[in-house]
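Structural description and commentary
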Amino acid sequence: MANDFGDADYMSEALKIATVRGSDPKLSPIGCIIVRDGKILASARNRVEEDHDPTAHAEIVAIRAATAKLGLPELRGTTLYSTLQPCGMCTMASIWAKVRHIVYGAGRADVHDMYFEDRHVNTLDFVADAFRDDITIKGGVRRFECASLYYRPGDNPPLEEQGNL
């Protein structure tokens with residue numbers, strides 16, 4: 001990847017990863033890439049169903065791959081791109097991994113509540129309240145393209161697809 005890539009370009013890469021198996025919302029097509037110094041360190045998609053692992057969110061899988069590649073438990077100086085606003089687990093993992101920037105596409109208001117674990121906690125507050133002053137979060141990059149992958153607010157997805165119930 002060229003160093004002149006911008007957030008929209010990297011989000012396009014995350015969208016490609018998200019849709020490897022298709023773009024049907026029932027597949028939870030979430031994609032994530034982690035970038036440092038203009039190079040993609042890791043890319044991953046949601047693997048919860050495939051791996052029978054409730055922690056195999058795209059962001060967690062990408063963080064694990066990037067730290068393994070670097071041989072370090074920290075990802076200082078990196079940007080994590082996710083097609084969907086990270087959930088609480090993924091946001092906290094990003095904070096603990098010392099990711100510098102979190103950039104996401106579709107936000108909580110763009111998708112069905114099933115993608116989040118709590119009615120009253122917004123994961124954006126996790127970053128705002130973190131002890132670290134060097135982490136930022138930015139949303140809305142390729143928002144509509146990303147949101148088109150997921151059930152929308154007001155949709156009525158089958159209960160068996162709603163992982164937060």
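Quick summary incoming for the structure in this document. (Residues numbered from 1 in each chain as written. Predicted model: local features only at pLDDT ≥ 70, side-chain atom pairs only at ≥ 80, totals over all residues. Heavy atoms only, no water.)

**Focus on the overall build of the protein chain**
Along the backbone of the protein chain there are six helices and five strands. Counting from the amino terminus, the protein chain carries its helices and strands in the arrangement α-β-β-α-α-β-α-β-α-β-α. In terms of principal-axis extent, the alpha carbons of the protein chain reach across some 40 × 35 × 30 Å. A buried classification covers 45% of the 165 residues belonging to the protein chain. (Helix = DSSP H or I, 4+ residues; strand = E, 2+ residues; numbered from the N terminus. Buried < 20%, exposed > 50% of the residue type's maximum accessible area, 1.4 Å probe, protein only.)

**What to know about the pattern of salt bridges**
Under the definition given, this model contains eleven salt bridges. Of the charged contacts, one joins R47 and E50 as a salt bridge, the two residues approaching to 3.4 Å between their closest N and O atoms. A residue is classified by how much of its surface remains accessible, and E50, at 30% relative accessible area, is partly exposed. With a closest N to O distance of 2.9 Å, R76 and E74 form a salt bridge. Judged by its relative accessible area of 44%, R76 is partly exposed. Shared partners join several salt bridges into a network, and the residues in it are R21, R45, R47, E50 and D51. (Salt bridge = Lys/Arg side-chain N within 4 Å of Asp/Glu carboxyl O.)

**Details of the nonpolar core**
Counting residues in each nonpolar core, the largest one holds 44 residues, and the members touching the most others are I34, Y115 and Y150. Among the elements of the structure, α1 (7–18), β1 (31–36), β2 (39–45), α3 (58–70), β3 (79–84), α4 (88–96), β4 (101–106) and α6 (143–147) are those that each provide at least two residues to this core. If we ignore the near neighbours within four places in the chain, the residues touching I34 are K39, I40, L41, A42, A62, I63, A66, L75, T78, T79 and L80. (Core = buried A, V, L, I, M, F, W, Y, C linked by side-chain atoms within 4.5 Å. Contact = heavy atoms within 4.5 Å.)

**What about the side chain of R45?**
Within the secondary structure layout, R45 lies in strand β2. One polar contact links R45 to E50, side chain to side chain, over a distance of 2.4 Å. Among all residues touching R45, those that are not within four sequence positions of it are I17, V20, R21, I30, G31, E50, A56 and A58. (Polar contact = N/O pair within 3.5 Å; in protein donor to acceptor, adjacent residues only side chain to side chain.)

**Quick word on the sheet that holds β4**
On the basis of which strands lie adjacent, the open sheet formed by five strands has the order β2-β1-β3-β4-β5 and mixed pairing. Across the chains shown, the open sheet's two edge strands, defined by having one partner strand only, are β2 and β5 (136–138). Strand after strand, the sheet turns through a mean of 15 degrees between neighbouring axes, direction not considered. Strand direction decides the pairing type here: β4 and β5, joined by three bridges, are parallel. Paired with I102 across the strands is I137, a residue of β5. (Pairing = 2+ DSSP bridges. Axes fitted to C-alpha atoms, helices over the stretch in contact; angles between N-to-C directions.)

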